[in-house]
Amino acid sequence: MNRQRLKGHLPLLLLTLLESTPAHGYAVLEALRRRSGGRFDLPEGTVYPALHRLEASGLLHSRWEVIAGRRRRVYATSRKGQDALTREREAWADFSGAVAAVLGGTP
Amino acid sequence: MTMDRYLRQLRRWLGNGPHAQRVCEEVREHLLDASDARQRQGVPPADAEREAVLRFGEPASVAWMFCKQAPAVAVERIESFLLLGSAALSLTFAGLIIAFGTPSRLVRGEFLEAWGYAAAESLLGWVAVAIGLALLRPRAWIVNVAHRAAPFAFLLGVTGVALATFFGHRTGDYEYWLYLAHGNVLAQGVLAYHRFRPIGDRTTMDSA
């Protein structure tokens, strides 16, 4: 998978992963890897700046929690993030449907 | 590279603010998790730590992504830079006045007037510093600076203003140059604020 292409969709993917289950950065990366069947395998340092930026934009919020004896920064989707996710999902469905139609269509 | 060395390098790039501390703490926890996971797969501890660090990315690149993508980090780093720059500018003004303004006035027996004038001009310089600090809050300015790797440009700007002030002084009209310089700092801040929206105001994921 082209990493640059993936980076463009990273905010949408991160918000989706955090939609129902708050998680810390490492768990988010693991979920991304697992749910993509190992195809989304980004350099790990790229995910945290994206999480921080989403938080700065108000789409995520985070707090320190102690999990398994270790202090973790746990992220969760905010209300604003949920709204943005709904919009982006619709936009993505529209876009991917259009691309599929073009790719699969006859000239 | 060991985890401790990696974190030291990252910290050096990020600076010392509270956000930098949070980033380093998060990265440390991540590296511990990643190292533990590898050890569970049978990788020796030292190799597991090295691999975890390697996969995270070069400290400078990671720090740059934080500065580029998380304005708060850039705020901390650039704030101190701007503060020092503004203070240096103000001190330059005060120094110029004391070095070039006072002696000539002393010769003319205008002792009190000369020092009073220098104090007033220094005060004006510190007012400029205060205005500069107030303008730091709009993140747009910080984002602009961080995005374009502009600390160097800012340094050039400060140097330019100082030189203009100096040569303005040499022509005998330094007080006008002083006001021009302060006005320039203020105008740059206002323009930057109006040109770029603060990131926190954006709601689409394109900006995130």
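Residues numbered from 1 in each chain as written. Chains lettered and ligands numbered in written order. Predicted model: local features only at pLDDT ≥ 70, side-chain atom pairs only at ≥ 80, totals over all residues. Heavy atoms only, no water.

Participant: Explain a nonpolar patch on the surface to me, using residue names and the numbers behind them.
Facilitator: Taken together, the side chains of Trp 92, Phe 95, Val 99 and Leu 103 of chain A present a nonpolar region at the surface, about 420 Å² in accessible area. Tracing the backbone shows Trp 92 of chain A in helix H4 (residues 79-104). (Patch = residues over 30% accessible without salt bridge, like charges linked within 9 Å, V, L, I, M, F, W, Y side chains within 5 Å. Areas by Shrake-Rupley, 256 points an atom, 1.4 Å probe, with all protein chains shown as cover. Salt bridge = Lys/Arg side-chain N within 4 Å of Asp/Glu carboxyl O. Helix = DSSP H or I, 4+ residues; strand = E, 2+ residues; numbered from the N terminus.)

Participant: Could you give me a rundown of the packing of aromatic side chains, with the residues and numbers involved?
Facilitator: Within the structure shown, the criterion is met by three aromatic pairs over all chains. Ring geometry for Tyr 48 of chain A against Phe 56 of chain B: centres 5.7 Å apart, planes inclined by 40°, an arrangement best described as tilted. Placement of Tyr 48 of chain A in helix H3 (residues 47-56) and of Phe 56 of chain B in helix H3 (residues 45-56) is noted, with the two residues assigned to different chains. Taking relative accessible area as the criterion, Tyr 48 of chain A reaches 3% and is therefore assigned buried. Using a relative accessible area of 1% as the deciding quantity, one classes Phe 56 of chain B as buried. By way of ring pairs, the aromatic residues Tyr 48 of chain A together with Tyr 6 and Phe 56 of chain B are connected into one cluster. Arg 71 of chain A extends its terminal NZ or CZ atom over the ring of Trp 64 of chain A, reaching a point 4.3 Å from the ring centre. (Phe/Tyr/Trp six-rings, centres within 6.5 Å; stacked < 30°, edge-to-face > 60°. Buried < 20%, exposed > 50% of the residue type's maximum accessible area, 1.4 Å probe, protein only. Lys NZ or Arg CZ within 6 Å of the ring centre and 35° of its normal.)

Participant: Explain the side chain of Ser 62 of chain A to me, using residue names and the numbers behind them.
Facilitator: Residues and elements named next belong to chain A. Here Ser 62 is to be found in strand E2 (residues 60-67). For Ser 62, a relative accessible area of 15% gives the class buried. For Ser 62, the side chain forms a polar contact with the side chain of Glu 55, separated by 2.8 Å. A distance of 2.8 Å separates the side chain of Ser 62 from the side chain of Arg 73, its partner in a polar contact. (Polar contact = N/O pair within 3.5 Å; in protein donor to acceptor, adjacent residues only side chain to side chain.)

Participant: Would you mind going over the sheet that holds strand E3 (residues 70-77) of chain A in detail, with residue names and values included?
Facilitator: Ordered in space as E1-E3-E2 (chain A), the three strands form an open sheet in which the pairing is antiparallel. Two strands lie at the open edges of the sheet, namely strand E1 (23-24) and E2 of chain A, each paired on one side alone. When E1 of chain A meets E3 of chain A, the two strands line up antiparallel, connected through two bridges. The residue bridging Ala 23 of chain A from the neighbouring strand is Tyr 75 of chain A, located in E3 of chain A. Sitting on the sheet, helix H2 (residues 18-40) of chain B touches E1, E2 and E3 of chain A, and the angle it makes with E3 of chain A is about 105°. (Pairing = 2+ DSSP bridges. Contact = heavy atoms within 4.5 Å. Axes fitted to C-alpha atoms, helices over the stretch in contact; angles between N-to-C directions.)

Participant: An account of unusual backbone geometry is needed here, citing residue identities and associated values.
Facilitator: The phi dihedral of Ala 68 of chain A falls on the positive side, at around 50°, and the residue is not glycine. Relative to the elements of secondary structure, Ala 68 of chain A occurs in the loop between E2 and E3.

Participant: Could you give an account of the pattern of salt bridges, naming the residues involved and the relevant values?
Facilitator: Scanning all chains against the criterion turns up 17 salt bridges over all chains. With a shortest N-O distance of 3.8 Å, Asp 83 of chain A and Arg 79 of chain A are connected by a salt bridge. Separated by four residues within a single helix, Asp 83 of chain A and Arg 79 of chain A lie in helix H4, roughly one turn from each other. Arg 79 of chain A gets classed as exposed once you look at its relative accessible area, which sits at 67%. Arg 22 of chain B serves as the salt-bridge partner of Glu 26 of chain B, at 3.4 Å between the closest nitrogen and oxygen. In this pair, Glu 26 of chain B and Arg 22 of chain B are both assigned in helix H2, four residues apart and thus about one turn of the helix distant. Taking relative accessible area as the criterion, Glu 26 of chain B reaches 4% and is therefore assigned buried. Given the relative accessible area of 13%, Arg 22 of chain B is considered buried.

Participant: Residue-level account of the packing of H2 of chain B against H3 of chain B, with values.
Facilitator: All names here are of chain B. At a minimum axis distance of 8 Å, the contact between H2 and H3 shows a crossing angle of 130°. Relative to H3, the element H2 lies oblique. For the pair H2 and H3, the crossing hand works out as right-handed. Contacts from Val 27, His 30, Leu 31, Ala 34, Ser 35, Arg 38 and Gln 39 in H2 reach Pro 45, Ala 48, Glu 49, Glu 51, Ala 52, Val 53, Arg 55 and Phe 56 in H3. (Parallel < 35°, antiparallel > 145°, perpendicular 65-115°, else oblique. Left-handed = near helix turned anticlockwise from the far one by under 90°.)

Participant: Give me the lowdown on the interface of chain A and chain B, citing residues and values where you can.
Facilitator: A common way to express how large an interface is: the accessible area buried when the components associate. Every contact between the two is made by 35 residues of chain A and, on the other side, 30 residues of chain B. Both sides together, the interface formed by chain A and chain B hides about 2900 Å², and carbon and sulfur atoms give 52% of it. Between the two partners, chain A and chain B, sit seven salt bridges. We note a salt bridge from Glu 25 of chain B to Arg 71 of chain A, for which the minimum N-O separation is 2.2 Å. (Buried area = accessible area lost by both parts, 1.4 Å probe.)

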